[in-house]
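The residues making up each chain are set out below.
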Amino acid sequence: SRPMPSGGFGWQSLRWFLQDLRAGFLSLTAAQMDALRRLRPRTRALLLVGDIYPVLMTASFAVPKVFVATARSDYISPHTRLEARLMARSCCMVFARDAVTARGLRRMGVSAACVGNVMMDLVTPRGWSLGLGEGRPVLALLPGSRHDALDNLREMAQCAWQVMARHPQLQVVAALARPVQEPHAVAPFRLQPAGAGEQEQGLDGWLAGGPGAPIGVTWRAFADLLHRATVVLGLAGTANEQAAGLGRVVVAFPRRG
């Protein structure tokens, strides 16, 4: 794999698609096809996960295939008839992300079922308290997991500090997808490490240096934060869906990323 300028969304914009082409998308695809060709003689079965791309890429494999279709749902973006025809022809079983989508696929001739949702089934609290006080509202910040996540965090923190100025009882915690190795990566703000007691509660650090109280930061307690959140400010993809799936109000706004 290789990161593309579009972050995987080249099909949404001609400009992004052209940027991906310049970044070597065609050579990357050719390398992936070559790797699959070399694997084919030793492959007895395939487990395909994601959108329709792995189904397309393994169309020449004459082996049993199971497809975990995580990308599309009849609630928001149904599978096309062409995709359904490809799944019906290639896959012995398709696991859809919800029962409505599974029914829709079956109506189009696909052997489909729903036994759970991989995104929602993994949002299980682990018992982290995050130092949050009971009876006070919690704002969760979800800056995403892509290359613009820290840039998003800076923007969202400024929004949060404005809200905290009007609602001083508000508790704010940001959930990052991975640890921040360089404390100055969030400049002009500072990322300060959490104390030993705070780490035992699931907090990993504090975002400080803004016009308000420091904002808690965690990269371990995402599920616990969502379950405690009153409102979510999210510039994420899957994480926003997980928050909405738990019944949280999600506020989002467009940015450059």
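From a predicted model like this one, the values you see are computed outputs, not experimental measurements.

A. Region of the structure containing the state of the cysteines. For the structure on display, the rule yields zero disulfides. With no disulfide of its own, cysteine 91 lies 7.3 Å from the sulfur of cysteine 92, the closest cysteine sulfur. Look at cysteine 91 and you get buried, because its relative accessible area is 8%. With no disulfide partner, cysteine 114 has as its closest neighbouring cysteine sulfur the one in cysteine 91, 16 Å distant. A relative accessible area of 32% places cysteine 114 in the partly exposed class.

B. Summary view of the side chain of serine 6. Considering the arrangement of structural elements, one finds serine 6 in the segment before helix H1 (14-22). Residue classification places serine 6 among the buried residues on the basis of a relative accessible area of 7%. Among the polar contacts listed, one links the side chain of serine 6 to the backbone nitrogen of glycine 10, at a separation of 3.0 Å. Residues contacting serine 6, with those up to four places away along its chain left out, are Trp16 and Asp20.

C. Representation of unusual backbone geometry in the model. Backbone torsion omega between alanine 187 and proline 188 reads 15°, so that peptide bond is classified as cis. Within the secondary structure, proline 188 is located in the loop between strand S6 (171-175) and strand S7 (190-193). Although it is not a glycine, leucine 130 adopts a positive phi angle of roughly 60°. Along the chain, the position of leucine 130 falls in the loop between helix H6 (118-121) and strand S5 (138-142). Residue classification places leucine 130 among the buried residues on the basis of a relative accessible area of 2%.

Criteria and cut-off values
Residues numbered from 1 in each chain as written. Predicted model: local features only at pLDDT ≥ 70, side-chain atom pairs only at ≥ 80, totals over all residues. Heavy atoms only, no water. Disulfide = S-S within 2.5 Å. Buried < 20%, exposed > 50% of the residue type's maximum accessible area, 1.4 Å probe, protein only. Helix = DSSP H or I, 4+ residues; strand = E, 2+ residues; numbered from the N terminus. Polar contact = N/O pair within 3.5 Å; in protein donor to acceptor, adjacent residues only side chain to side chain. Contact = heavy atoms within 4.5 Å.

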